[in-house]
Every structure is written in structure tokens, then in C-alpha cells.
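What follows is each chain in one-letter form.
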6 protein chains.
Amino acid sequence: MRNDQREVNELRPITITPNYITHPEGSVLITVGNTKVICNASIEDRVPPFMRGQGKGWITAEYAMLPRATADRNIRESSKGKVSGRTMEIQRLIGRALRSVVDLSKIGERTVWVDCDVIQADGGTRTASITGAFVAVVLAFGKLLENKKIGKMPVTDFLCATSVGILPDKTAILDLNYEEDFAANVDMNIVMTGSGEFVEIQGTGEEATFSISELQIMLKLASEGLEQIIGIQKEVLGELKERIGETKAN
Amino acid sequence: MRNDQREVNELRPITITPNYITHPEGSVLITVGNTKVICNASIEDRVPPFMRGQGKGWITAEYAMLPRATADRNIRESSKGKVSGRTMEIQRLIGRALRSVVDLSKIGERTVWVDCDVIQADGGTRTASITGAFVAVVLAFGKLLENKKIGKMPVTDFLCATSVGILPDKTAILDLNYEEDFAANVDMNIVMTGSGEFVEIQGTGEEATFSISELQIMLKLASEGLEQIIGIQKEVLGELKERIGETKAN
Amino acid sequence: MRNDQREVNELRPITITPNYITHPEGSVLITVGNTKVICNASIEDRVPPFMRGQGKGWITAEYAMLPRATADRNIRESSKGKVSGRTMEIQRLIGRALRSVVDLSKIGERTVWVDCDVIQADGGTRTASITGAFVAVVLAFGKLLENKKIGKMPVTDFLCATSVGILPDKTAILDLNYEEDFAANVDMNIVMTGSGEFVEIQGTGEEATFSISELQIMLKLASEGLEQIIGIQKEVLGELKERIGETKAN
Amino acid sequence: MRNDQREVNELRPITITPNYITHPEGSVLITVGNTKVICNASIEDRVPPFMRGQGKGWITAEYAMLPRATADRNIRESSKGKVSGRTMEIQRLIGRALRSVVDLSKIGERTVWVDCDVIQADGGTRTASITGAFVAVVLAFGKLLENKKIGKMPVTDFLCATSVGILPDKTAILDLNYEEDFAANVDMNIVMTGSGEFVEIQGTGEEATFSISELQIMLKLASEGLEQIIGIQKEVLGELKERIGETKAN
Amino acid sequence: MRNDQREVNELRPITITPNYITHPEGSVLITVGNTKVICNASIEDRVPPFMRGQGKGWITAEYAMLPRATADRNIRESSKGKVSGRTMEIQRLIGRALRSVVDLSKIGERTVWVDCDVIQADGGTRTASITGAFVAVVLAFGKLLENKKIGKMPVTDFLCATSVGILPDKTAILDLNYEEDFAANVDMNIVMTGSGEFVEIQGTGEEATFSISELQIMLKLASEGLEQIIGIQKEVLGELKERIGETKAN
Amino acid sequence: MRNDQREVNELRPITITPNYITHPEGSVLITVGNTKVICNASIEDRVPPFMRGQGKGWITAEYAMLPRATADRNIRESSKGKVSGRTMEIQRLIGRALRSVVDLSKIGERTVWVDCDVIQADGGTRTASITGAFVAVVLAFGKLLENKKIGKMPVTDFLCATSVGILPDKTAILDLNYEEDFAANVDMNIVMTGSGEFVEIQGTGEEATFSISELQIMLKLASEGLEQIIGIQKEVLGELKERIGETKAN
């Protein structure tokens, strides 16, 4: 039994509140257990200098935590004057993952800024960010469709993420909370599409290693969990969910 | 009539949700109209180096906005690698205001870190931060009382803040929203205690000036509004409100 | 009696030396008691990007102290690699104050850079900076007039600043020196125009509060002091003083 | 056929020159095709503050490229004043990988600083860094053994890394050079131990995805390559290779 | 004839005003023609960490220019967030030069902070800084002597600096002003002691070179000028000048 | 006898390996005794903004050390977020020296970036950098000649550098290694051209001074050494050496 009474293959409760903040084109509050992340997607009508004149768009992500999202207060990265390696790694991951399911040639010379701000953390903040950011991005494109700025939904597939891990007693578990993450020998983040393809696999043994059979068990656990998460995303998106993939289809 | 149908002396609706985030010792979500700020108070069991060995505590504040709290997306201060002058000015103001109603000699060598994070902005974010932070700080001290780490509530009086201003047509108004703030000739932030004393008056004419009689009208408007705000704080604080001032009384 | 034998309503001796540094368009050395500030106004023939194409100008200020302007040596902000909150607050204040008495639409697309460098500090450096900077700016515009780059003096009124405060024994005093500033319960900086209107009021009780009647006493003390300071400015400006307000008049 | 005439499962030629730089405790120059990295391991007789008093050591890594290691000159990170996200990600990976095969409780309160400086880049710089750094670290511990500062080799297993990828034509290939890396749909870095366990798997589809069967093909390719690399490491290490694992064995 | 009517071997007028700023232990305003530098020497009763426990002191220098010391306004280094290479080079030079004539083993574990702040620049700011800083340092040690904190003047010899150069027409000149410095092919700064020994020679041909005979002519010009400057220093120092060298003599 | 058995006027063994790194237009590895520096010259087809439209080019240099080039590990300047004064001084010196023997008006609007990266340090890294960088720059221009981008070799003369110094026992020595440099009273770096003219003389007495006769002895030692170094440069450059000076000749 896990420390929060879950089965090894059981996700924490997930809620996604759409249109959480009023200013952004797309905005959600996602909660995964006690982890809470505000995901905002902003559309800017230009691309970074290195992409100008190519007729295509770009998606970039930023990630941050409120100082007291965690049990101990963290120093603000703005006060330190620099962004930590962990933060950079996470925001690069989120951006890369989202770009894998958006046809950037269909959004014009626009940049989608995705901001994932963790207001409360209990493990899995980067995977919750990806899952929530996907919905925020679809909502933002929904607004562009509504305003006839683009003709088709440029999102080619669903996208979500979760974590799996192996505890010191060799149990493989799905969706680690903070305490489990801290204890685990192996921690793996998986980003997957609606068609069950991998976008990103990041498996790490901190002061530990893992075998190929353990890898396979973890991938299976993850796949099952991710399927459920896509179900939740679909519910939140309502009619917009039908339009995902319409670009690909043509 | 104002752009949101309010009377000139009418506050926007205010809500204060206590215990909003689970980790901090004190936490509230304050909403003032469309302005929403998470105010967290964290207790650290030591003081900054310049205060060690004096047997007293310290209160310091940090203020930030999510990039998309505003109509246009702002660049994160952590990405820019430095904190703006505006941010510094606001966090110095919040800290100074809170220190004026806390008897720092009664909290031991502890630091109270107050984090005000604006998740949605529509004018008055600094005054909403002070009003909300006051409640968060009282809740945090409430926890210290509960854990018998201190014997008396070290907060000597209530504290809250609002803004007043003068529109180009010379109307004086209470609690400016973003549009009004942008239009106003004069903008004044007032921080007041429960006993009606001023803690801070910051009146500014940007490319404009104001007379002593205009000042008096604004101060009166502010006083009436602040009295109502203290009423809301009292309601949220429940029994804790009775303990405010008990230090002073001795 | 005050620590330097002044009456409560007595200013320290003020001298303003015009054309102190040769390179800037306008330059003064102002001394207020032992406080000495070099105020230089530089004219640049363009405006910052956000103002281009609007046909109007901009005024911005920077403030700094020599490391040994104070009793203890301060670390240079250039060595620390960042500007302190206090410095930012002061330079924002100086810029705002100057802009309130200059008709920016009458100076073309030019930027006035005002540099206030404190070479010796004994309290009141920000108010001395405003008083001196005003003269430097008028001198700089005088040069533009001389060179026929502008046709009328764009300064609409006189501008100066001083401080008032309340000592622990409740005495209200004018023009605080460092020792008084350190001891005071309440410290208030007032910026006023030649016609007696307020530009800025910043009253702060650090770990203290003040009542409305105390506020009124302080405002009165300030008004009397500021009138004398304008007298000194007029003397220094010679014939140029006649041209102040000529823009307004039309 | 690949652009450099290799078979799909063929590594580039690898050389490892031990004791390349004289000052560090361990130093190698590793070349993998045209990629050249200087890997230096330095022993410091203390640990970072957060680890003091625990009687164990720490390994940390830094990674950098000379500005002209690449086809176009890069701006130095020291000139930019900050380390890029890519650099941070790589140095975190190298450190984590090395820590997984060192028993930190056996090295006393010492820090091993690993510096991987790429002097010429042609793809696979992070994996070459790990492979080379492992040898440098073993050499450094060899020096500690020689000087009787530690009694047993604290390295528990061999460690090396390589990349695999999938080209747009769906061919899976081993050890990508720069041109291949640029063209590939999927890029995966694998870090493995001498006993064939994974330490790290990082598979990324940039604007692409991959299936579980493609994953399995890539893992197999990688395993075969990594076995050969360990053979090269063993040759370079000479007698020291016998001591790897002696800690684990007890 | 030179652009300011001087002979080739003629110094500009030099004045040194002692005790210019009240707070520092030693302070002078030095003017060399139109170049004006405030030189302050501050005594701190401890040394930097790398020197603790050795029973000797340290001298370090900082150099800066007011933004409008020059014909065009410079951006403040505090605003840029970093100190330029030129500034660093100059402050290293000043510190090194002063240390060459102070017996650091005779000042206890104290640091002398020397601040050279150029308020008006017309060439030769670094040499004027050295000449002025020397006097400020002697004054500061004079204060330590007065307070019986040290028993003997630790300054072993006089120290001053000037520049020499070669114009495009091959004329060698002494003490270059800004216009001459800009035009010169070769620019050389010489720091010399009272006994005629060199402390520092920095000769530079920017896009030009110079022969050994040109070098000798320049050194001779410099020596003659430096002798005159020492005369001025002696006059300013009054009785303190007698104590210079008393440490050496024993 | 010196600590490495050299005569006082004996250089350490020098090797220069051309085309050391493949990507740069010009690249050498220079070793001077145990000092090893990679010197890369990169040609960029544009100049910095302040030089645009003048039809001439620019040469700029950067210098760095690997963290473990030295006996103790240094913190990376990229990690510290700023470049040290010493580094800036050296890179300014290298750039200035190279510009003195290149006719910038003959290279079009191009920038030559010279990177000197010390991989192993044993004294004399700045002079070895200049000697090596000169060869790298000639090789880079050789490539431009080959590609007919320029018609004549723009290098007007040979250029190299070495150090001389005076030990505490008053012996003058040539080409100081680290230990000698540390011990010396006086340290002088000399940059000279093929025709025996000085480009730069930087002589420094750290807590010491030197006489004019000592200066002359040092200059003579240096001249003899530099002549030998030019011999080595000529050998490495092969046929390209004939073209040096052809611009000047016309």
C-alpha cells in the first residue's frame, strides 16, 4: 500500500479548470493530488528573430514555482538573478513536448508562450505542467479559430505526461507524489500522444540503476495511466476535442 | 458613473480565502474585483545576519506577478535576471507596512517571509497585497501561538490599504481599477491601521499636481473605504481577531 | 533645540553652484548643510524606443552615492552588479517629479538624462537631488533655447523638495539631517511646485504611525520651507527664471 | 550507407589518452570521431555546505565548449554572464551518471569536480564526456589509492554512454555524428553500466514521436555499442580496471 | 605648439585639495587641467579572507566615472550590471602602484579602500587618480598615527604618475589631454617613486609601434614631470611629508 | 641556475602545431614549456555596430583558462557570471597587439575573433597566447587569400611576445615559468614586431620598484628571446611567411 492509500497503478485525482485566468488566450488550473499548476498560453503575433520570414510559428515554455509552493520556502529565481538548471531543464522539456504535437507551419508567424506556474507542489510538477499546458494551448488555438485567424486546429494529437518509478523494495509505481519521488531509486517521466507514441522518455537512476525488464514494467504502467489522463483532457475540452488531428488528416 | 458602475466612494467586491496554499504557515487568496493575489507568510527560525543576537525578529516581503497576470504578457524577472524598480518599491512598501503593526521584539529571532504573488491584475495589486498579507501574517502567528512558540499575538493593530485618485475631470474616486489608474491624474496609496492612524501615504501626480484640498478629499474617501476592509479582515480571522492588540495592551 | 542648533522650522544652509561640471548641458553642485550632490542634466537627441514617433520627449533620472559619501563605506553598486531597491525608488521619484513640471510635448524627441551623484551625505539626499536637478534641467533647456533648438522654455513651474518628520518626543521638524532622520518616527518627503501644489507626498512610519493632525502640521512646515528654497533657485537661475511658465501661459 | 561510410551499428573510432593534462588528479583526452573532449577530474578535500558532517563525498560536473569547437563560433558563456539551459542539462546528466557508479560513502568528505571541455564538436559531446569522465574519475581515485587516502576503489562498476537515433527514413543508427543528429527524428542518449543496467535513458522526439518497437530497436543498438566502449575503457585503465567493483563486492 | 598652448615638456596646472570629503579617513580633490578626481581613502579594520591571520594589511582601489564626466554621457556601470575591462584594468593598476610604496606589514590587519571617482575627464584620469590617491592614503595613515593605531608612517616613498606619448608627427609630449591622447600613436603611463625608481611602465602602440630610442625620450620627459608633481604633493602634505620613508629607514 | 636548469637568457622549448582544431579558419596549439594554449582565429563577415560602413575590419580577442589548467582548480567564469579583471586585461592586450600589425583597412568589413584557451598553465600564458594567436591569424588570412576574398596578406609584420623579470637576488631572467613569476620582484611583458619595434611594454613591480638600468637589461634580454621566437613562427608558417609585409610594401 502506498503512503496515500493508492494502488501501485493508480493515478492521483486530477482536475482541470479551464479559463482560470482571464487575460491569457488559454488558461487552466490543473491539480494532480496536492500538486497545483496554473498553465497559461499566450499568443504573440510574431516569432523570435531566428525564425522570421519562414512563415511558421514557435512554441516556448517557462516554468516556475512560487517560493512557498514547497514545504520549505525557496529563494525566488528573480532574487537570485538566475534561473536554476532544474528550471531550465523542465521548461525545455515542456516546450519540446508541445511542439511535437503542433504543426507549426499552420499557425503563421506566431509564438505561443506557455507559462506553467506551480502554486503548490507535491511531486510530478513537470508532468502536470505538460498535461495542463496541452489543454491551455488547445484553448488558445480555439480562440484563434474563433477569431478566424487560423482555419484549422493545428494540434495533431493529444499529449500528456506522467511519472513512474521504482521504490527501494523494487515495486514499480505510477504517478509519484513528493515523498515517493524522494524515496524512489528510479524516476521516469513519460510524455505520450493520444495514439500511444512516445514523445519523451527520461529515466534516471540517481545513485542507482535499472534493468531492461524494469523499464518495460514502467512503460506499461505509464501507458495505462496516460490513457486515463487523455480521457480527462477530452472531457475538459468539450467540442474542441473533435478538432484535434484535423490538420494531420489533411 | 464609473466604468464598472461603481459609485465614487464604492470599493470593489473583496474576498479573502484563508489557508489557500497548504505549506505556508499563513496563506490567503485575496480578490479585489478582478485583482487576485496569493499571499503566503512563512516563518523561518532565524533572522538575517545584521539582526542576529538582538533577540528580535524581522518581517520582509517579496512581490511578483505571473507573466500573464496582465493584458499583455510580461517577461519574467527571473529571465531578465533582475528585479524591476517597481517590484522593489512595492516589496519595500509591503514589508515596511507590516512591520509597523508587529511588535518585532515579541516574536523571537524569527523572520516572517511574506510572498505576494499576483495571479491576475486589474489595478490595486500593491494595496490588495498589503490587505491580504496582513491576514496571512496573523494566521502564521496564530500557528506559532497554537504551537506555543510565542505566548501572545505580536500584532498590535489591524492594517489594510487601498488607493484613491483624481480623474482628469477632477472627480475623486476610491479603489481604482486598472483603467481608472491609467487615466487618473493623481494616484494615492494609503495604508492605515485599525485605530485610523496612517502608516504610509504615497501620493503621486504623474505629469500633474494636486492641491491641499484635493488631498483632504482623498484622505477622507480612503478612510471610509479602509474601515470597510477591516470589517472583512475581521470576519475572515474569526477568533484570532480578538487577540490583535493584546501585546500593545501590556 | 535640534542637534545642530536649528529651530524646528529652520532649513539648513543651501548653496547651488551653477555650471559646476563643464561637459553637461546643465550642471549644478547643491549643498544642503553637509549633504552635497552633483546634479547633471544631459540632452540626448532621441527618445527611448517605446516613445518614438510621438513627437514628444522624455526625462529620466539616475541617482548614486560615492562609496564614501557616508560614515561607513558602501559597496559600489557596479561591483555588486545590481542597483538596490532604495536607489531605484529614488531615481523613479526624481524622474517623476521633474516630468510633472515639464511640458514634454514642447521639447521634441529628446531625452533629458538627469544624474544626481551624492558626493557627501548627511540626510535629505533625495530631496536635495530634486531641488538641484530642477536647476540643472532649467539650465540645460536654457542651452537649447540659446541654440534655437526649442522656441520656448518648456518648464511650466518651479519645483523643489524637502523633508519633514516627527521625532519620538512628537516634535515636528523641517529638513532632517542624518541623525534626525535616523531617530524620527515618521519621515515625509514633499515635492512641491512654485504655485504651491503637491507633486509627491511620501510619508512613512517605520515601525510607527501618524495621525491626520500630525500630517497637517508636517505639510505646513514643509510648505514654508519649500517657499524659501524656491527663492534660492530663482536667485541662481537669474534671467532664466522669468521664462519658467511661459509655455503654460500659452 | 551513412554519410561517413559507417554501418548503422558501427561506432566512430574512439581514442582515450590518459594523463593528458598534468595538474588534475585524473585527466583524459577522449576523441570519438571528430569530437574531442578534455575530461579532468579534480579532488577537493571538502564537500559543499549542504553535505558537511555526513562523512560522505560528492561528485559534480561542469561542461563547456570552446567558442570555436563548432562550425560557427559561439559566444562564450562567461561573456554572456550566464550558463545556457543546454549546458546545465548536460552537466547535471554527467554528474548524476557518475554518482550512480561511485559509492560516495567510501570517499570521505571529498568533492570530485569533473570538467568536460569540448575542444572540437561533431555530435555526441555529452556521451563522449561521460565515457571520458568515467576514466578520469577512476584515474583520480587511483591517485587517492596510491597516496593511501582511501583504502578501496569506490567505483562500483564501469560506466559509459552513447547515442542512438532514428533517421527520417526510419533507419535506426548508433553513435550519431553532428549531421545525423541534426537530421534525426528521434535522438536518444543511453548511459549504461558494465553489468548492462541502465543509468539514464533520455529519448526525445523533436517535432516527432516514436513507438515502443522503435524504442526496443534503439536500446539493442545502444547495448551492443556500449559493450565495445567498455572494452576500450578497460584497455586504457590497465591494472586499475581490476579494482572496479571491489567496494561492491564487500 | 600644443592645442592648449603648452610646451611639449609642460604639465597642466595641478591642484590638490586635502580633506575634500568629510567622512573618509583621507580625502582629496585633485585637478590636472580639466581632469577632476575625488580620491578617498577609507580604513577598514580587517582584511579580505585570503589574508586573515597573517598580521599584515591590504590596499585595494576602485575607479569610476560619473556618467557625464565625459563629452558624451556614459551608461553607469551599475545599470549595465558589470564593470568594464577598462575600469578593472585601471583599478588594478592603482592598487598595485599604491602597494609598492606601503609596507603592508606595518599597518596591522587593516584594508585601505581607495576610491577614485572622476567627476570631470580630460585625459590622464588614471595617472591623476594615482597622484591624488597617494596623498589621500598618506592623510588616512596620518589619522591612524594621530589616533596611535600605528606607530610609524608605513609609506616608504612618494608615488605619482603621469603620461607621455608620441604624436603622429613624432613629437614626444608630456601629460596628454584628451584630444592629444586620442591623436597619439603611442601612449605611455609611468608610475614613479620619490627616489626615481619605476613602479609601473605601460606603453602601448594602438595600431602603431615605437622604437627603443623613442622609449628613452618618453622616459626622460616623464621623469622630469614626475619630479614636479612630487613637489606639489609635498606642499599639500605639510608636516606629514617628513614622515614618509621613516619605516624604510628603520 | 634556474629551477628548470635554464640559463638566464634561455627560452623554454616552444612548439606550434598548426591547424590544430578543424573548424576555425586559423588554429594552432602552442606549447611554451608546460604552458599549452589553443589559439583559434575565426573570420566573421561583419564588424561590430560602431564600425559599420567604414569599409574596414576589426580584430578582437578572448582569453580563458580551463578550470584545471592550474595547480588548484579555478571556478569557471561562466559559473561566476562574470569575467575577472585579469582576464579582461589580457584579452584587451592580445587584441591591441594583433591590431598593431594588421592593416585593418585591407580586410573589408570583417571581424577576426581570436580565442586563446589555456588548457595547461605554467606561467607566460598571455605572451604564449600572443605568439600563438599571431600564427592563427596569419593562417586565417591565408584562407581568405586562398578563397580570393582578399588580394593581399594584410599582416604588415611579425609579432610575438615574451616575459622578462628580476628575481629577488637581482638576476634578470627571460621567459618566466610560474614559480619564477611568483617569486619575481619585477615582471615585464614585451610585445615586439619583426622589425624590432615595441608594440607594448608592461612592466610592473608588485610591492617593489625597478631602476632605469634594470629596465634596459630586461629590454635587451627580451629582444634576444623574441628574435628566436620569430624564427619558430616563420618555420611554422612555411610559404605564408613570405607574404607578411606585402601590404606595407605597397
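Residues numbered from 1 in each chain as written. Chains lettered and ligands numbered in written order. Predicted model: local features only at pLDDT ≥ 70, side-chain atom pairs only at ≥ 80, totals over all residues. Heavy atoms only, no water.

Another aspect to go through is the overall build of chain A. For chain A, the helix and strand inventory stands at 6 helices and 9 strands. Here chain A has a C-alpha radius of gyration of 18 Å; the compact-globule value for 250 residues is 18 Å, and the two agree. Along the three orthogonal principal directions, the C-alpha set of chain A runs to about 55 × 45 × 30 Å. Out of the 250 residues in chain A, the part that is buried amounts to 61%. Long-range contacts, defined as pairs at least 24 residues apart, comprise 70% of the intrachain contacts of chain A with a sequence gap of at least 6. (Helix = DSSP H or I, 4+ residues; strand = E, 2+ residues; numbered from the N terminus. Rg over C-alpha atoms; globule rule 2.2 N^0.38 Å. Buried < 20%, exposed > 50% of the residue type's maximum accessible area, 1.4 Å probe, protein only. Contact = heavy atoms within 4.5 Å.)

On to the arrangement of the chains. At their nearest point, the C-alpha atoms of chain A and chain E are still 11 Å apart, with no contact between the two. Across the gap from chain B to chain F, with no contact made, the nearest C-alpha atoms are 11 Å apart.

Residue and element names in this part refer to chain D. The element strand 2 (residues 26-32) is extensively covered by neighbouring structure, given that 7 of its 7 residues are classed as buried. What you see with strand 2 is no split at all: G26, V28, I30 and V32 on one side and S27, L29 and T31 on the other are buried throughout. Pairing between strand 2 and strand 3 (residues 35-44): 7 bridges, direction antiparallel. Bridged to V32 within strand 3 is T35. (Pairing = 2+ DSSP bridges.)

Glancing now at the pattern of salt bridges. Applying the stated criterion across every chain, the model contains 131 salt bridges over all chains. For D:R76, the salt bridge is made with F:D117, and the minimal N-O distance between the two is 2.9 Å. Of this pair, D:R76 sits in the loop between strand 4 (58-65) and helix 1 (77-80) while F:D117 sits in strand 5 (residues 111-120), placing the two residues on different chains. The residue F:E214 makes a salt bridge to F:K170 at a minimum N-O spacing of 3.5 Å. Of this pair, F:E214 sits in helix 5 (residues 212-237) while F:K170 sits in the loop between strand 6 (159-166) and strand 7 (172-174); the two residues are 44 residues apart in sequence, bridging distant segments of the chain. Salt bridges here are not isolated pairs; linked through shared partners, they connect A:R2, A:D4, A:R6, A:R12, A:D122, A:D175 and A:E180. (Salt bridge = Lys/Arg side-chain N within 4 Å of Asp/Glu carboxyl O.)

With that out of the way, let us pick up the UniProt feature "domain: Exoribonuclease phosphorolytic" (unreviewed entry) in chain A. Residues and elements named next belong to chain A. Per the UniProt entry, the sites bearing "domain: Exoribonuclease phosphorolytic" (unreviewed entry) are residues 10-139 and 158-224 in this numbering. Secondary structure across residues 10-139 divides into 26% helix and 31% strand, with the first and last C-alpha atoms of the span separated by 28 Å. Measuring from the first to the last C-alpha atom of residues 158-224 gives 15 Å, for a span that is 28% helix and 40% strand. (UniProt positions renumbered as here; feature names shortened; annotations may be inferred.)

Each aromatic ring pair is characterised by the separation of its centres together with the angle its planes make. Residues and elements named next belong to chain D. In total, this model carries 24 aromatic pairs over all chains according to the counting rule given. Ring geometry for F50 versus W58: centroids 5.9 Å apart, planes at 80°, classification edge-to-face. Exposure remark for F50: the relative accessible area of 58% places this residue in the exposed category. Classification of W58 by relative accessible area gives buried; the value is 18%. (Phe/Tyr/Trp six-rings, centres within 6.5 Å; stacked < 30°, edge-to-face > 60°.)

The strands that make up a sheet pair up through hydrogen bonds in the backbone, lying either parallel or antiparallel. Taken in spatial order, the 8 strands line up as 7(A)-6(A)-8(A)-9(A)-9(D)-8(D)-6(D)-7(D) in an open sheet, and their pairing is antiparallel. Strands at the two margins of the open sheet, each flanked by one partner only, are strand 7 (172-174) of chain A together with strand 7 (172-174) of chain D. Taking the axes of each pair of neighbouring strands and ignoring which way they run, one obtains an average angle of 15° across the sheet. Direction of pairing for strand 6 (residues 159-166) of chain A relative to strand 7 of chain A: antiparallel, over a ladder of 3 bridges. Across the sheet, the residue bridging to A:I166 is A:A172, located in strand 7 of chain A. Strands in contact with helix 5 (residues 212-237) of chain A are strand 6, strand 7, strand 8 (186-193) and strand 9 (198-205) of chain A together with strand 9 (198-205) of chain D; relative to strand 6 of chain A, the strand with the most contacts, it is inclined by about 145°. (Axes fitted to C-alpha atoms, helices over the stretch in contact; angles between N-to-C directions.)

Between helix 5 (residues 212-237) of chain B and helix 5 (residues 212-237) of chain C, the least distance of the axes is 13 Å, while the angle of their chain directions is 165°. Comparing the axis directions of helix 5 of chain B and helix 5 of chain C gives the class roughly antiparallel. Taken as a pair, helix 5 of chain B and helix 5 of chain C cross one another with a handedness that is right-handed. Together, B:I212, B:L215, B:Q216 and B:L219 of helix 5 of chain B and C:I212, C:L215, C:Q216 and C:L219 of helix 5 of chain C make up the contact between the two elements. Class assignment for the residues of the contact of helix 5 of chain B with helix 5 of chain C results in 6 nonpolar, 2 polar and no charged. (Parallel < 35°, antiparallel > 145°, perpendicular 65-115°, else oblique. Left-handed = near helix turned anticlockwise from the far one by under 90°. Nonpolar A, V, L, I, M, F, W, Y, C, P; charged D, E, K, R; others polar.)

Below, the discussion takes up the pairing of strand 8 (residues 186-193) of chain B. Residue and element names in this part refer to chain B. Most of strand 8 sits inside the fold, with 7 of its 8 residues counted as buried. Two strands pair when backbone bridges link them, and strand 8 and strand 9 (residues 198-205) are joined in this way by 7 bridges, in the antiparallel orientation. Paired with D187 across the strands is T204, a residue of strand 9. What sits between strand 8 and strand 9 in their antiparallel hairpin is a turn of 4 residues, with G196 showing a positive phi close to 80°.

Residue and element names in this part refer to chain D. With their axes 11 Å apart at the nearest point, helix 3 (residues 125-146) and helix 5 (residues 212-237) run at an angle of 30° to one another. It follows that helix 3 is roughly parallel to helix 5 by the angle criterion. You can see that helix 3 and helix 5 cross each other, and the crossing is right-handed. Two secondary-structure elements touch here, helix 3 through T131, F134, V135, V138 and L139 and helix 5 through I229, Q233, V236 and L237. Here the contact of helix 3 with helix 5 is composed, by residue class, of 7 nonpolar, 2 polar and no charged.

What follows is about the interface of chain A and chain D. Contacts between the two partners involve 33 residues from chain A and, on the opposite side, 33 residues from chain D. In total, about 2900 Å² of surface goes out of reach between chain A and chain D, with carbon and sulfur atoms giving 52% of it. Counting every contact that joins chain A to chain D gives 2 salt bridges. Notably, a salt bridge pairs A:E89 with D:R92, separated by 2.6 Å at the nearest N-O pair. On inspection of chain A and its partner chain D, the count reaches 12 residue pairs in polar contact (both at pLDDT 80 or more). (Buried area = accessible area lost by both parts, 1.4 Å probe. Polar contact = N/O pair within 3.5 Å; in protein donor to acceptor, adjacent residues only side chain to side chain.)

A separate point is the sheet that holds strand 8 of chain B. Spatially, 8 strands are ordered 7(B)-6(B)-8(B)-9(B)-9(C)-8(C)-6(C)-7(C) in an open sheet, and the strand pairing comes out antiparallel. Pairing within the sheet leaves two strands with one partner each, and these edge strands are strand 7 (172-174) of chain B together with strand 7 (172-174) of chain C. The average angle at which neighbouring strand axes cross in this sheet is 15°, direction not considered. Relative to the sheet, helix 5 of chain C contacts strand 9 of chain B together with strand 6 (159-166), strand 7, strand 8 (186-193) and strand 9 (198-205) of chain C, its axis offset from that of strand 6 of chain C by approximately 145°.

Turning our attention to the UniProt feature "binding site: phosphate" (unreviewed entry) in chain A. Residues given the UniProt feature "binding site: phosphate" (unreviewed entry) here are A:R86, A:G124, A:T125 and A:R126. Judged by maximum C-alpha separation, these annotated positions cover 41 residues in sequence but sit close together in space, the widest gap being only 13.4 Å. You can see A:R86 is positioned in helix 2 (residues 85-99). Setting aside anything within four residues of it in sequence, one finds A:R86 in contact with A:Y63, A:M65, A:T125, A:R126 and D:R92. There is a polar contact of 3.2 Å between the side chain of A:R86 and the side chain of A:Y63. Relative accessible area serves as the criterion here: at 22%, A:G124 is assigned to the partly exposed category.

Relative to the assigned elements, E:S100 resides in the loop between helix 2 (85-99) and strand 5 (111-120). Residue class for E:S100 comes out buried when judged on its relative accessible area of 10%. Side-chain polar atoms of E:S100 contact the backbone oxygen of E:A97, separated by 2.6 Å. Beyond its immediate chain neighbours, meaning those up to four positions away, E:S100 contacts E:T156, E:L159, E:V199, F:G205, F:E207 and F:A208.

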